[in-house]
Each structure stands twice: as C-alpha cells, then as structure tokens.
Amino acid sequence: QVQLVESGGGLVPAGGSLRLSCAASGRTFSSATLGWFRQAPGKEREFVSAIGWRGGPTYYADSAKGRFTISRDNAKNTVFLQMNSLKPEDTAVYYCAGGYSVNFASQERSYNYWGQGTQVTVSS
C-alpha cells in the first residue's frame, strides 16, 4: 500500500521558517514528480510547488517564489519543502502528492497519491 506521510508542520510567528517533509512508502517514488499543495480554511486546495524525479525541474506558485524551496532525496523516498519568511496567509493544511508521467505539475489531477496533510499556522 502506497503511503505519503507529511511532517514538520506547526505554529510559527510571521517571518519564521518551517521545513516540511514527506516520506513515501510502499512504492519507490524516485521516478515520480512530487508536489506540495495547500488548503486554507474555506478555500480550495491550491498548488504550492513541485519537483521532477531528477531533482528538477522545479515549479512554484507565485506565492511561494523566493520564499519556499522544494527538494528531494530519492535514496530516502522523501521530498522537502523549506518555507521561509512565512506569512499569516500561508496558514493552511499542506499536502504532499506524487504522480507519474505528470504533464501539468500544478494540477491536482496529475497526482495519484496524496498524504493526509500537515497543519501550518503562521501567527501575525
């Protein structure tokens, strides 16, 4: 059974940093595109970032550019999201996703596997 398990969420003040991790099990994701999405209360889930299977290319939503960095460790089947300069509007549940033959990295439908999410709360 494929599982994606996120960790690293929490409560931080505005301007702070968090590093999210997503560990995959049940299948190797070394050839998969891995992505991060988020869903704020009352809003639809939105794309944050994604990374190709070789560690590139990388994709970022405009809201994440310059502040977030995605990376992956294929040996550990893990993807990371380093989030700096966090803002209250970054508050959301962050989801990890994995997919193969992804043509549109920013679209949810491109991904077959999803984690349960980790809460990120940024206080003002």
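Coordinates for the structure precede this section.
Below you will find a few notes about this structure. Just so it is clear, the structure is predicted and the values come from calculations on it, not from any experiment.

### Remarks on unusual backbone geometry
Okay, step 1: With omega at -5 degrees, the peptide bond leading from Gly 56 into Pro 57 counts as cis.
Okay, step 2: With respect to the element layout, Pro 57 can be found in the loop between β5 (46-51) and β6 (58-60).
Okay, step 3: Positive phi outside glycine occurs at Asn 77, with the angle close to 50 degrees.
Okay, step 4: Turning to its location among the elements, Asn 77 is positioned in the loop between β7 (68-73) and β8 (78-83).
Okay, step 5: The backbone of Ser 101 shows a phi angle near 55 degrees, a positive value even though the residue is not glycine.

### Details of the sheet that holds strand β3 (residues 18-25)
Sheet strands pair via backbone hydrogen bonds, and the direction of the pair is either parallel or antiparallel.
Okay, step 1: With antiparallel pairing, four strands are arranged side by side in an open sheet as β1-β3-β8-β7. Two strands lie at the open edges of the sheet, namely β1 (3-7) and β7, each paired on one side alone. Pairwise comparison of adjacent strand axes, ignoring direction, gives a mean angle of 15 degrees for this sheet.
Okay, step 2: Across six bridges, β7 lies against β8 in antiparallel orientation. Bridged to Thr 69 within β8 is Gln 82.

### Considering the packing of aromatic side chains
Okay, step 1: Evaluated as defined, the whole model comprises six aromatic pairs.
Okay, step 2: Pairing Phe 29 with Tyr 100 gives two aromatic rings, centres 5.9 Å apart and planes at 25 degrees, and the pair type is stacked. Placement of the pair is Phe 29 in the loop between β3 and β4 (33-39) and Tyr 100 in the loop between β9 (92-99) and β10 (113-114), with a sequence separation of 71 residues.
Okay, step 3: Classification of Phe 29 by relative accessible area gives buried; the value is 0%.
Okay, step 4: Aromatic side chains Phe 29 and Tyr 113 sit 5.6 Å apart centroid to centroid with 85 degrees between the ring planes, which places their arrangement in the edge-to-face category. One end of the pair, Phe 29, is in the loop between β3 and β4; the other, Tyr 113, is in strand β10, and 84 residues separate them in sequence.

About the cut-offs
- Residues numbered from 1 in each chain as written.
- Predicted model: local features only at pLDDT ≥ 70, side-chain atom pairs only at ≥ 80, totals over all residues.
- Heavy atoms only, no water.
- Helix = DSSP H or I, 4+ residues; strand = E, 2+ residues; numbered from the N terminus.
- Pairing = 2+ DSSP bridges.
- Axes fitted to C-alpha atoms, helices over the stretch in contact; angles between N-to-C directions.
- Phe/Tyr/Trp six-rings, centres within 6.5 Å; stacked < 30°, edge-to-face > 60°.
- Buried < 20%, exposed > 50% of the residue type's maximum accessible area, 1.4 Å probe, protein only.

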